[in-house]
Structure formats: structure tokens, C-alpha cells
Amino acid sequence: MINHRYNAKLATVITTSSSLDEIENRISSRLVDPKISVLFNIMAPDFRGDRPAAKRTYRPQRKS
């Protein structure tokens, strides 16, 4: 699905409660590449109740 959306130049939103350090390197390296993605870290409580909310940092979008 991700490959199809990438090839079709469609926007894709990926959400996770994992930090970038916890994501496999070949995936996280693409998520932080400013040429192909914009990373937004949202600080919000974990409403699932089974895990404490992780601390996140915000990286603003780069202007072209």
C-alpha cells in the first residue's frame, strides 16, 4: 500500500506511538528525509490506558 501511494505520488499519513529510535532504521531514515516527508510529532495523552504517554519533540515543516 505504501509503495503504491509513493509511486502514485499520493499523500500518506503514518501514525505510531513509537519513537524514531524504536522504528527499524530503513523505515525511520525515510520518515526523517525532508525531501520525501514531513514529520510532525504530536504530544497527546495515550487514550488506550495501557501505556504511559511518550514524550515527543516537534520538528517544524521546512519551507520551500
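Above this text sits the structure in question.
Scoring rules and cut-offs
- Residue positions are given per chain, counted from 1 along the sequence in the order it is written.
- Given that this is a predicted model, residues contribute local features only at a pLDDT of at least 70 and side-chain atom pairs are listed and counted only at 80 or more, while totals for whole chains, interfaces and linings are drawn from all residues.
- Hydrogens are left out, water is left out, and the side-chain values use all remaining heavy atoms of the structure.
- Every helix listed is a DSSP run of H or I at least four residues long, and every strand listed is a run of E at least two residues long, numbered separately from the N terminus.
- Exposure classes here rest on a 1.4 Å probe applied to the protein chains alone. A residue is buried below 20% of its type maximum, exposed above 50%, and partly exposed in between.
- Within this analysis, patches are made of residues with over 30% relative accessible area and no salt bridge. Like charges are joined at 9 Å or less; nonpolar side chains (Val, Leu, Ile, Met, Phe, Trp, Tyr) at 5 Å or less.
- Here the Shrake-Rupley method, with its probe set to 1.4 Å, supplies the accessible areas, and only the displayed protein chains count as covering residues.
- The salt bridge definition used is simple: a Lys or Arg side-chain nitrogen within 4 Å of an Asp or Glu carboxyl oxygen.
- Identification of polar contacts relies on pairs of N or O atoms within 3.5 Å, with a donor-acceptor requirement for protein atoms, meaning one able to donate a hydrogen and the other able to accept it, and with residues adjacent in sequence counted only if both atoms are side-chain atoms.
- Working rule for contacts: check all heavy atoms of both residues, and any pair within 4.5 Å makes them a contact.

So what's going on with the environment of isoleucine 14? Residues and values would help.
Its location among the elements puts isoleucine 14 in the loop between α1 (2-7) and α2 (25-31). C-alpha of isoleucine 14 to C-alpha of leucine 31: the two residues are 17 residues apart in sequence and 9.2 Å apart in space.

Before we move on, could you go through unusual backbone geometry and cite the residues and values that matter?
Positive phi outside glycine occurs at lysine 9, with the angle close to 55°. One can find lysine 9 in the loop between α1 and α2. Look at lysine 9 and you get exposed, because its relative accessible area is 78%.

Lay out a nonpolar patch on the surface with the relevant residues and their values.
On the surface, Val38, Phe40 and Ile42 cluster together into a nonpolar patch covering about 320 Å² of accessible area. Within the secondary structure, valine 38 is located in the segment after α2.

I'd love a proper account of the side chain of serine 28, names of residues and values included.
For serine 28, the location among the structural elements is in helix α2. Reaching out from serine 28, the side chain makes a polar contact with the backbone oxygen of asparagine 25 at a distance of 3.4 Å. In this structure, serine 28 is in contact with Leu20 and Ile23, ignoring residues within four places of it in sequence.

Tell me about the side chain of serine 37, and please be specific about residues and values.
Following the sequence through the fold, serine 37 ends up in the segment after α2. Using a relative accessible area of 17% as the deciding quantity, one classes serine 37 as buried. A polar contact of 2.5 Å, which involves the side chain of serine 37, links it to the backbone oxygen of leucine 31.

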